[in-house]
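# Structural overview
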Amino acid sequence: MQSRKSPLPRYYQLKEIMREKVTSGDWKPGDLIPSERELGEQYGISRMTARQALTELVNEGLFYREQGKGTFVSRNKITQQLIRLTGFTEDISARGQAPATRVLSMHMIPATEDLAERLRLHVGQPIFRLQRLRLADNEPLAIERSHLSFIGCERLLDEDLETQSLYRILESRYGIQLIQAEQELEAGLTNEEDAKLLNLPMGSPALYTRRTTYTNRDLPIEYARSVYCGHKYTFYTHMLRNQLVP
Ligand code: GLP
């Protein structure tokens, strides 16, 4: 480590050293970072200082932690374009990765007040609720909690949603045209349940989205709340100064 005379705090110096290791390719995406103890010994600093440097780089997204395994260099983030309406399967495939799904639960529920408002229904009307863990190259990436309502939506209970894309099923099997969606993004920290499913320590940075998807008749068809691993996902928007507001 640089001299003790350096005016920069030591955790900061360590951060820059580690950042440089990633930029230079010395440490590659997916590589395990030395532990706090190892860093402490190697650079003659306390474990606390090493921890601070690691934590900040985790928060910045350069590293990520896996419960019981250690800290790793983040892989290139998956980018979701916020212009074209695409589904998870399309987003992941477009990056040359293999999408996969674990259905956590699916059943019919009566619309709550909030869901009824979002899907423009009456309270108590039946809704198909689907909870899925979404993976890319076998790594958990997001949890998606979808709510769908259309005539005959209970038939979705018989679909194989582990191997098939929901958007594809809707379009090809039910003839439902997905035309547009509105989506909100919010930063947050994972709760215990989500952290466990995503294989992250509780309280890890996450991106929360709420998406309402509409069919050609401008009717909401799906309302989904999702949580994405913060260190693996980027949302991208392209903005035009002179764009007309629709
Ligand atoms: C996105 C949306 C969800 C939607 C899903 C469909 O990730 N946030 O609202 O249900 O895509 O993905 P797929 O077609 O792969 O099932």
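Sequence order as written defines the numbering, with residues in each chain counted from 1. For this predicted model, a pLDDT threshold of at least 70 governs which residues receive local features, and a threshold of 80 or more governs which side-chain atom pairs are given and counted, while totals over whole chains, interfaces and linings are taken from all residues. Each side-chain value is derived from all of the structure's non-hydrogen atoms; neither hydrogens nor water enter the calculation.

### Section: the site of the ligand
Convention followed: Definition of nearness: a residue and a molecule or strand are near each other if at least one heavy atom of the residue lies within 4 Å of the molecule or strand. Identification of polar contacts relies on pairs of N or O atoms within 3.5 Å, with a donor-acceptor requirement for protein atoms, meaning one able to donate a hydrogen and the other able to accept it, and with residues adjacent in sequence counted only if both atoms are side-chain atoms. Cavities and pockets were defined on a 1 Å grid built over protein atoms only: a cavity is a set of grid points that admits a 1.4 Å probe from which the probe cannot escape, a pocket is an open set flanked by protein on both sides within 12 Å along at least five of seven lines, and lining residues are those with an atom within 4 Å of any such point. By definition, a pocket or cavity contains a molecule when more than half of the molecule's atoms lie within 2 Å of the pocket's grid points. Think of it this way: any DSSP run of H or I at least four residues long counts as a helix, any run of E at least two long counts as a strand, and we number them from the N terminus.
Lining the immediate environment of the ligand, one finds 15 residues, of which Thr-89, Glu-144, Ser-165, Leu-166 and Glu-222 sit closest. In the model, an oxygen atom of the ligand is placed 2.3 Å from a nitrogen or oxygen of the Thr-89 side chain. Here an oxygen atom of the ligand and a backbone polar atom of Leu-166 are 2.8 Å apart. Taking a 2 Å distance to the grid points as the criterion, the majority of the atoms of the ligand fall inside the largest cavity. Elements represented by at least two residues in the shell around the ligand include exactly α4 (88–94), β5 (126–136), β6 (139–148), α6 (166–173) and β9 (220–229).

### So, the sheet that holds strand β7 (residues 178–189)
What counts is decided by this rule: We call two strands paired when DSSP finds no fewer than two bridges between them. Working convention: axes come from line fits to C-alpha atoms, limited for helices to the stretch in contact. Angles between N-to-C directions cover 0 to 180 degrees.
On the basis of which strands lie adjacent, the open sheet formed by 6 strands has the order β4-β5-β6-β9-β8-β7 and antiparallel pairing. Of all strands in the sheet, those with a lone pairing partner are β4 (99–110) and β7, marking the two edges. Neighbour to neighbour, the strand axes of the sheet diverge by 15 degrees on average, direction disregarded. In this structure, β5 lies alongside β6, joined through 9 bridges in antiparallel fashion.

### Points about the packing of aromatic side chains
To be explicit about the condition: Each pair of aromatic rings taken from Phe, Tyr and Trp, with Trp reduced to its six-membered ring, is defined by centres within 6.5 Å and is described as stacked if the planes are under 30 degrees apart, edge-to-face if over 60, and tilted in the remaining cases. Burial classes: relative accessible area under 20% of the type maximum marks a residue as buried, over 50% as exposed, and values in between as partly exposed (1.4 Å probe, protein chains only). A ring is considered to have a charge above it if a Lys NZ or an Arg CZ atom is located within 6 Å of its centre and within 35 degrees of its normal.
By the definition in use, this model includes 4 aromatic pairs. Geometrically, the ring pair formed by Tyr-11 and Tyr-12 is edge-to-face, given 6.4 Å between the ring centres and 90 degrees between the ring planes. Of the residues examined, Tyr-12 reaches a relative accessible area of 30% and is grouped as partly exposed. A cation over an aromatic ring shows up here: Lys-232 above the ring of Tyr-64, its NZ or CZ 5.8 Å from the ring centre.

From the geometry alone we can't say anything about function, so treat these as descriptive.
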